[in-house]
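Structural description and commentary
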Amino acid sequence: MASSEIDALTQALARLPGLGPRSARRAVLHLLKKREASLTPLLHALALVDERLETCSTCGNVDTANPCSICADPRRDSRALCVVEEVADLWALERSRLFPGRFHVLGGRLSALEGIRPEDLTIDALVGRIGQGGIDEVVLAMNATLEGQTTAHYLAERIERFPVRVTQLAHGLPVGGELDYLDEGTLAQALRARRPVA
């Protein structure tokens, strides 16, 4: 068996999303075999991120600069603001390179069961950003869950007094999806969001 230090490393990796105990063991073995090529650069990268990691005071993104690289980019469209639940959602949208505007991370979603209230999220900061003016459209990019849609509805009510267009991501049939394999909720949303054929 491995030493307690190697076992501790394996257990730490196993706690990461997408890695179970077996995958963590394989990753540790790879790191140990390829120490110079894999372990040393990984340790260096982790130390740098740990030293420089910051939460953006403008949008809530995590980066090694404050404001983050998105907020600091003058090429971004400051008139469009996309509101997301978590940083992972921001990163997913940013990978698509389809949204040219700026972001706002709520830090979660409203949930009565989990005791998450509006004051637990960055909703007041969002309203403040919109209240400063210069924003034409707010895109509510909440997850297609009951809590996500409740949060979107609450946000729409909070910002309806501002002269901004409020939009929401479309939900429904995925590209390449077959009706027989879709759940009832996805089908219901697709039917509600149907549009004329061009």
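Residues numbered from 1 in each chain as written. Predicted model: local features only at pLDDT ≥ 70, side-chain atom pairs only at ≥ 80, totals over all residues. Heavy atoms only, no water.

**Quick notes on the overall build of the chain**
Scanning the chain for helices and strands turns up 8 helices and 6 strands. Taken against the 2.2 N^0.38 rule, which gives 16 Å for 198 residues, the C-alpha radius of gyration of the chain at 21 Å runs more than 25% over that of a compact globule. Over its C-alpha atoms, taken along the principal directions, the chain stretches across nearly 60 × 45 × 40 Å. Across the 198 residues in the chain, those meeting the buried criterion constitute 29%. Pairs at least 24 apart in sequence give 47% of the contacts found in the chain among residues at least 6 apart. (Helix = DSSP H or I, 4+ residues; strand = E, 2+ residues; numbered from the N terminus. Rg over C-alpha atoms; globule rule 2.2 N^0.38 Å. Buried < 20%, exposed > 50% of the residue type's maximum accessible area, 1.4 Å probe, protein only. Contact = heavy atoms within 4.5 Å.)

**Side note on the UniProt feature "zinc finger region: C4-type" (unreviewed entry) in the chain**
Using the residue numbers shown here, the UniProt feature "zinc finger region: C4-type" (unreviewed entry) corresponds to residues 56-71. Between the end C-alpha atoms of residues 56-71 there is a gap of 8 Å, over a span that is 19% helix and 12% strand. (UniProt positions renumbered as here; feature names shortened; annotations may be inferred.)

**Considerations on the UniProt feature "domain: Toprim" (unreviewed entry) in the chain**
In the numbering used here, UniProt assigns the feature "domain: Toprim" (unreviewed entry) to residues 79-174. In residues 79-174, the share of helix is 34% and the share of strand is 21%. The end C-alpha atoms are 29 Å apart.

**Points about the sheet that holds strand β4 (residues 101-105)**
Pairing between the strands of a sheet is mediated by backbone hydrogen bonds and can be parallel or antiparallel. Pairing within the open sheet is parallel, and its 4 strands lie in the order β4-β3-β5-β6. Strand pairing shows two members of the sheet lacking a second neighbour, β4 and β6 (165-168), which therefore form its edges. Ignoring strand direction, the axes of neighbouring strands in this sheet form an average angle of 25°. Summarising the sheet, strand β3 (residues 77-84) and strand β5 (residues 137-141) pair through 5 bridges and their orientation is parallel. Bridge pairing in β5 links Val84 to Ala141. Here helix α5 (residues 87-96) sits on the sheet in contact with β3, β4 and β5, set at roughly 160° to β4. Contacting β3, β5 and β6, helix α7 (residues 146-159) runs over the sheet at an angle of about 160° to β5. (Pairing = 2+ DSSP bridges. Axes fitted to C-alpha atoms, helices over the stretch in contact; angles between N-to-C directions.)

**A look at the nonpolar core**
Membership of the largest hydrophobic core comes to 18 residues, with the highest contact counts inside it found for Val83, Leu106, Ile123, Leu126, Ile130, Val138 and Leu155. At 4 residues, the largest contribution of residues to this core is made by helix α6 (residues 123-131). Ignoring sequence-local partners within four residues, the contact set of Ile130 consists of Leu81, Ile135, Val138, Ile159, Phe162 and Val164. (Core = buried A, V, L, I, M, F, W, Y, C linked by side-chain atoms within 4.5 Å.)

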